[in-house]
Amino acid sequence: MRQSHQLPLVGLLLFSLIPSQLCTICEVSLENYSCLTVLPLLNTMINSKYARGIQAANVLLSLRLVGIQDQSLERQVIQEVKERLDLTSGQLALVVLSLGACQNSDETITYVHLVSQLEKKFQEEIKNMVTHNGNPLTNYYQLSLDVLALCLFNGKYSVTEVNKYFTPENKNFYFGSQFSVDTGAMAVLALTCVKRSIINGQIKASEMDLKHINNYIESLVKKILHEKKENGLIGNVFSTGEAMQALYVSANYYNQTEWDCQQTLRAVLKEISQGSFHMPIAAAQILPALFGKTYLDVNNSFSCGSGSFNISIHKPSPVEPSSSSSWISVNYTVKINKTYSTNVTVKNGSVFLDVMKRAQQINETVFRFTYVETSWGPYITSVQGLEANSNDRTYWELLSEGKPLSQGVGSYVVHNGENLEVRWSTY
Ligand code: CBY
């Protein structure tokens, strides 16, 4: 059990850290209030009880990038990688990134072994693409994480393969016709690492390879900037942090006038104050950018001390569903070719998943469903027995009033009179 309530220490840490780091990014001084805005993020992340499972790797990586050490989280990641034999390539890549550079842990895990395991998993992704019409086992966000981790930690990968598969027009950068900013951003980080390795002679490649990689980065950066919204967010609130990282490392691929970093930062800080990053994974993915850090800094900015600076903050109070226990009613539809609808009554403050559970009670045959837990909460895998499959790029899409949601079933809070839908879709 973790001891807590060391707030004075945290205060000390933040005030020594934030004014010098957070407040000078984007080369501007931010008002002090914005420094304090970051506190809830750390709170969410540091309390490991809320960062269960493999997502701890993402949290650990992010904390390390901003110079915070948490040994119990480190132990948790080590434990996780030892116990779980079913890690996806991207999950393993995150483990490598988060444990890498600091091999000061007292535990015995052979780091080299992790990297060679990742090499294998990356090859399995490629193999699946060859046999399944260009579709990887997971997705290009994870393939980018793989390349990034292999590149940073001297794993084996082929530049020719990277060149072949990471063309910006590849369908895997898109969900339907929508460019995935998260995916593009992670690919820019990976390709930038590869580019640097070629330039400094760490990996051999032809002039042509380098030229291609430069072109890919340029084109992906354009696509990312194209997704910039009026308020400064890039893609949506959850992709903005990684988009910022991509734009930090690729500053010579776009014009200064094309991105107002301060505006994006202000939009993010506003979202933080509104509680948008209450999930540990969401907090972890935005934090580095706020400190001007990127995943490419993994090697050179990690603090690898003895861990004397072990911090923890008080437990966040769980988010209670809205105070009154009144009831609301929503419309729920399952759409395959036919549509199946029902009216469902749930408590005020309920999430999408509650609606699905209630509907399932009403009519098991039509509304039965399954889900798996992911770092972002529950992910719907099947409805009426019809299963999502990445080999066919099929999934169950969530919509409200006909528009896709930007939150999962576990976090989207439903409203009275709302029309909710799960739709059998391809991406
Ligand atoms: N992470 C991953 O492998 C996921 C990569 C990711 C690009 C991810 C977003 C970005 C991130 N930062 O992690 C991603 N989603 C992918 C690849 C996918 C596809 C997953 C299938 C596959 N082959 O890997 C797919 C099917 C296109 C997809 N996401 C679906 C959905 C919907 C889930 C519905 C369901 N069945 O439960 C949903 C809800 C969109 C919808 N309207 O249907 C969805 N994703 C959302 C909203 C999100 C965001 C989550 C935000 C939140 N607060 O919950 C997301 C951050 C994320 C997770 N997806 Co996808 C994107 C965003 O909005 N910025 C690596 C691994 C190691 O952890």
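Residue indices follow the written sequence of each chain, beginning from 1 at its first position. At least 70 in pLDDT is required for a residue's local features to be given in this predicted model, at least 80 for side-chain atom pairs to be given and counted, and no such filter applies to totals for whole chains, interfaces and linings, which use all residues. Only hydrogens and water are removed before side-chain values are computed, so all heavy atoms of the structure are retained for them.

Throughout this document, a residue counts as near a molecule or strand when at least one of its heavy atoms sits within 4 Å of that molecule or strand. For the ligand, the set of nearby residues contains 29 residues, the closest of which are Asn-139, Gln-142, Asn-236, Leu-398 and Tyr-427. For the ligand, a nitrogen atom lies 3.0 Å from a polar atom in the backbone of Thr-138. A distance of 2.7 Å separates an oxygen atom of the ligand from a polar side-chain atom of Asn-139. Only helix H6 (89-99), helix H8 (140-152), helix H10 (181-199), strand S6 (377-383) and strand S8 (394-400) provide two or more residues apiece to the shell around the ligand. A total of four residues in the shell around the ligand trace back to one element, the largest contributor, which is S8. Residue ranges labeled as domains rest on an automatic or database domain assignment. If you count residues domain by domain, the shell around the ligand takes at least three from each of domain 1 (30-291) and domain 2 (327-426). Any pair of N or O atoms that falls within 3.5 Å is considered a polar contact. Within protein, one atom must be able to donate a hydrogen and the other to accept it, and sequence-neighbouring residues count only if both atoms are side-chain atoms. Numbering of helices and strands runs from the N terminus; a helix is a DSSP stretch of H or I covering at least four residues, while a strand is a stretch of E covering at least two.

All right, on to the domain arrangement of the protein chain then. Taken domain by domain, the protein chain consists of domain 1 (30-291) and domain 2 (327-426). Across the boundary between the two partners, domain 1 contributes 16 residues, which contact ten residues of domain 2. Interface of domain 1 and domain 2: buried area, both sides summed, is about 1100 Å²; carbon and sulfur atoms make up 51% of it. Summed over the shared surface of domain 1 and domain 2, the result is six residue pairs in polar contact (both at pLDDT 80 or more). Examining the composition of the side of domain 1 that touches domain 2, we find that three residues originate from one element, helix H14 (residues 280-290), more than from any other. Taken together, the residues of the side of domain 1 that touches domain 2 break down into seven nonpolar, eight polar and one charged. By definition in these notes, contact holds between two residues if any of their heavy atoms fall within 4.5 Å. Joining two parts hides part of their accessible area as seen by a 1.4 Å probe, and the buried area is that hidden amount summed over both. For this classification, the nonpolar set comprises Ala, Val, Leu, Ile, Met, Phe, Trp, Tyr, Cys and Pro, the charged set comprises Asp, Glu, Lys and Arg, and every other residue, Gly included, is treated as polar.

Only protein chains enter the accessibility calculation, which uses a 1.4 Å probe; a residue is then buried when its area is under 20% of its type maximum, exposed when over 50%, and partly exposed in between. Of all the seven residues making up S6, six are buried; the element is thus mostly covered by neighbouring parts of the structure. Here a strand pair is declared whenever DSSP counts at least two bridges between the two strands. As paired elements, strand S5 (residues 369-374) and S6 share six bridges and run antiparallel to each other. In the sheet register, Thr-370 faces S6, and the bridge partner there is Ser-382. The turn joining S5 and S6, which pair antiparallel and follow one another in sequence, is formed by two residues. Both S6 and strand S7 (residues 386-387) contribute to a ladder of two bridges, which runs antiparallel. Its bridge partner lying in S7, Ser-382 is registered against Glu-387. Count of turn residues in the S6/S7 antiparallel hairpin: two residues, of which Gln-384 carries a positive phi of about 55°.

On to the state of the cysteines. Cysteine sulfur atoms that pair up within 2.5 Å are treated as a disulfide. Applying the stated criterion across every chain yields a total of one disulfide. Note on cysteine connectivity: Cys-151 is disulfide-linked to Cys-193, with sulfurs 2.1 Å apart. Taking the torsion about the sulfur-sulfur bond, which here is approximately -95°, the covalent link between Cys-151 and Cys-193 counts as left-handed. Here Cys-151, found in helix H8, pairs with Cys-193, found in helix H10; they are 42 residues apart in sequence, far enough to count as distant.

With that settled, consider the packing of aromatic side chains. Two aromatic rings from Phe, Tyr or Trp, using only the six-membered ring of Trp, form a pair when their centres are within 6.5 Å; if the ring planes differ by under 30 degrees the pair is stacked, by over 60 it is edge-to-face, and anything between is tilted. The full count for this structure, using the stated rule, is 14 aromatic pairs. Ring geometry for Tyr-395 against Tyr-427: centres 5.5 Å apart, planes inclined by 75°, an arrangement best described as edge-to-face. On the criterion of sequence distance, the pair formed by Tyr-395 in strand S8 and Tyr-427 in the segment after strand S10 (419-426) is long-range, its members being 32 residues apart. Accessibility expressed as a relative area gives 19% for Tyr-395, which makes it buried. Through a chain of ring-to-ring contacts, the aromatic side chains of Tyr-140, Phe-166 and Phe-173 assemble into a single cluster.

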